[in-house]
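# Per-entry structural report
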Amino acid sequence: MNKLILAAGLFALAPVLSSTADAAGRGARGELVYQIVKKWGPYVQETYRADIGAWSKEMGQSFAKAPMDSLQAAADARSFDAMNAALTGETLVSKADVQPTALGDAATDLVFVPITPCRLFDTRLAGGPIPAFTVRSFDVTAVSDYSFQGGHASNCNGVGAAGSFGAAVINFTVVFPAGPGHLITWPFGRPQPDTATLNFAAGDVRGNLSTVALDQGASANELSVYTTAQTHLVGDIVGYFINPGPLLLQCVDSGTTDTPVAAGATANSVAPACPSTHPMQTATNCQSSTWQMPFVFFSGGVCSAQNNSAGAATLRSSRTCCRVVGS
């Protein structure tokens, strides 16, 4: 890491670092703060495009007030979220703690569709900056050309042609806000929430990737944005969540295999394999030429039976083979 940048970050924390002196000029608290800034400063700069010195200064009160065991946990943290949680006392939810809902309900389960990032809107090119304490709404779905709101002159890699969908993953970026503040995003036409999507300082160019629900009604706009300070805003979509349609299958029989079975004997009949055009086997079908030849096994295209009749019989096998419509 650039030593000058790190030095600037630590200089901003001088009141914290100067509380006690060790051989290197840092006390126990200062040493832990030094480790945290050294470890996570480059991450903050790379991920959030934030100045390390400014970030360190913003974190100064947290560093100064955190218990020593919390600072130690933050210094030992293996992820940025874990480091923040250690300083704030929050509890991280692990994957093991999350209980997934039942799958398969088209009314509640959404399917994520990733796309190549594409610009939905840019107020520098259309509409001008959003004034402080005002709301501006944007069109996300059913759009063939987003240039009218400063976006790309296309349907954004299929976003505009996907129909109505429930949520979008958008990177919101403020550009040179006139003062410090925050941004709130929510579905068009619904009550404005209190939770901020993005916090920023004056003159920032700062982004945050957020999953935001969208209005699925008849209105042209699906997304609303509120800002507490005048700012330009850029929105780049990277994917969306859509209601899955019903799974439709087209099925055919593979053909049949007729296997002779002598009186009192047993036999296996193996059905022809599914063709490449319908590769999914969904059933094994077995037929007998006599009521006195019960099946003892049928699976994977194989039928097994015992001929209990006094004469020869025929065992017939086939497979039901399917494909997903549209695949």
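Rules and cut-offs
- All residue numbers refer to position in the chain's written sequence, counted from 1.
- Only residues with pLDDT of at least 70 are given local features in this predicted model, and only at 80 or more are side-chain atom pairs given and counted; all residues enter the totals for whole chains, interfaces and linings.
- Derived side-chain values reflect all non-hydrogen atoms in the structure, with water molecules and hydrogen atoms excluded from consideration.
- Helix and strand definitions follow DSSP, with helices as H or I runs of at least four residues and strands as E runs of at least two, each counted in order from the N terminus.
- Partly exposed describes any residue whose relative accessible area lies between the buried limit of under 20% and the exposed limit of over 50%, with all areas from a 1.4 Å probe on protein chains only and scaled to the type maximum.
- For this analysis, residues touch if any pair of their heavy atoms sits within 4.5 Å.
- What qualifies as a polar contact is a pair of N or O atoms within 3.5 Å, subject to a donor-acceptor requirement within protein and to the restriction that residues adjacent in sequence count only when both atoms come from side chains.
- A pair of cysteine sulfur atoms is labelled a disulfide when the two atoms are within 2.5 Å.
- Per-residue confidence from the predictor is reported as pLDDT, which spans 0 to 100.
- Should a side-chain nitrogen of Lys or Arg be within 4 Å of a carboxyl oxygen of Asp or Glu, the pair is scored as a salt bridge.
- Note on pairing: two strands pair once DSSP finds at least 2 bridges between them.
- Helix axes are fitted only over the stretch in contact, all axes being lines through C-alpha atoms; the angle between N-to-C directions runs from 0 to 180 degrees.
- The directions from the helix axis to the C-beta atoms are what the arc is built from.

### Description of the overall build of the protein chain
- Per the secondary structure count, the protein chain includes seven helices and 14 strands.
- Counting the 327 residues in the protein chain, one finds 39% classified as buried.
- The long-range share in the protein chain, meaning contacts at least 24 apart out of those at least 6 apart in sequence, stands at 71%.

### Side note on the environment of Thr-185
- Its place among the elements puts Thr-185 in strand S4 (residues 181-187).
- Residues Thr-185 and Leu-198, spaced 13 residues apart in sequence, show a C-alpha to C-alpha distance of 9.0 Å.
- Contacts of Thr-185, omitting those with residues within four sequence positions, involve Phe-172, Pro-193, Thr-197, Val-212, Leu-223, Ser-224 and Val-225.
- Among the polar contacts made by the side chain of Thr-185, one reaches the side chain of Thr-197 at a distance of 2.7 Å.

### Observations concerning the state of the cysteines
- Evaluated as defined, the whole model comprises four disulfides.
- In this model, Cys-251 is linked to Cys-322 through a disulfide, with the two sulfur atoms separated by 1.9 Å. Taking the torsion about the S-S bond as the criterion, the Cys-251 to Cys-322 disulfide, at about 105°, is right-handed. Pair noted here: Cys-251 is in strand S9 (residues 249-261) and Cys-322 is in strand S14 (residues 313-324), with a separation of 71 residues, a long-range link.
- Exposure remark for Cys-322: the relative accessible area of 1% places this residue in the buried category.
- Each disulfide pairs two cysteine sulfurs, and for Cys-274 the partner residue is Cys-321, the sulfurs being separated by 2.0 Å. Between Cys-274 and Cys-321, the disulfide has an S-S torsion of -80° and is therefore left-handed. Here the residue Cys-274 occupies a position in the loop between strand S10 (266-270) and strand S11 (280-288), and Cys-321 occupies one in strand S14, the gap between them amounting to 47 residues.
- Counting only the cysteines that take part in disulfides, in the order they occur along the protein chain, gives the pairing 1-2, 3-8, 4-7, 5-6.

### Re the confidence of the model for the protein chain
- Considering every residue of the protein chain, the mean pLDDT works out to 83; 83% of them sit at 70 or more.
- Segment residues 1-9: pLDDT under 50, and 13 contacts once partners within four positions in sequence are set aside and those in other chains are kept.
- Residue range residues 93-98 is modelled with pLDDT below 50. Its contacts to residues more than four positions away, or to other chains, number one contact.

### Details of the pattern of salt bridges
- Considering all chains together, one arrives at five salt bridges under this definition.
- Across the salt bridge formed by Asp-236 and Arg-119, the nearest N and O atoms sit 2.7 Å from each other. One end of the pair, Asp-236, is in strand S8 (residues 232-242); the other, Arg-119, is in strand S1 (residues 111-122), and 117 residues separate them in sequence.
- For Arg-119, a relative accessible area of 32% translates into the label partly exposed.

### Focus on the sheet that holds strand S12 (residues 295-299)
- Taken in spatial order, the three strands line up as S10-S13-S12 in an open sheet, and their pairing is antiparallel. Taken across any chain shown, the strands that pair with only one partner, and hence form the sheet edges, are S10 and S12. In this sheet, neighbouring strand axes are inclined to one another by 10° on average, regardless of whether the strands run parallel or antiparallel.
- Across five bridges, S10 lies against strand S13 (residues 302-306) in antiparallel orientation. Note on S13: the bridge partner recorded for Ala-267 is Ala-305.

### Some remarks on helix H6 (residues 68-76)
- Within H6, the full set of buried residues consists of Ser-70, Leu-71, Ala-74 and Ala-75. The buried residues of H6 occupy an angular sector of 140° when projected down its axis, which confines them to one face.

### Quick look at the environment of Ile-36
- Within the fold, Ile-36 resides in helix H3 (residues 28-48).
- On a C-alpha basis, the gap between Ile-36 and Asp-76 in space is 8.4 Å, while along the polypeptide they are 40 residues apart.
- Not counting residues within four places of it along the chain, the set of residues in contact with Ile-36 comprises Gly-41, Phe-63, Leu-71, Ala-74, Ala-75 and Met-83.

### Brief notes about the pairing of S8
- Of all 11 residues making up S8, eight are buried, and the element is well covered by its neighbours.
- Pairing of S1 with S8, which is carried by eight bridges, proceeds in the antiparallel orientation. Residue pairing across strands places Phe-112 opposite Phe-241, the latter belonging to S8.

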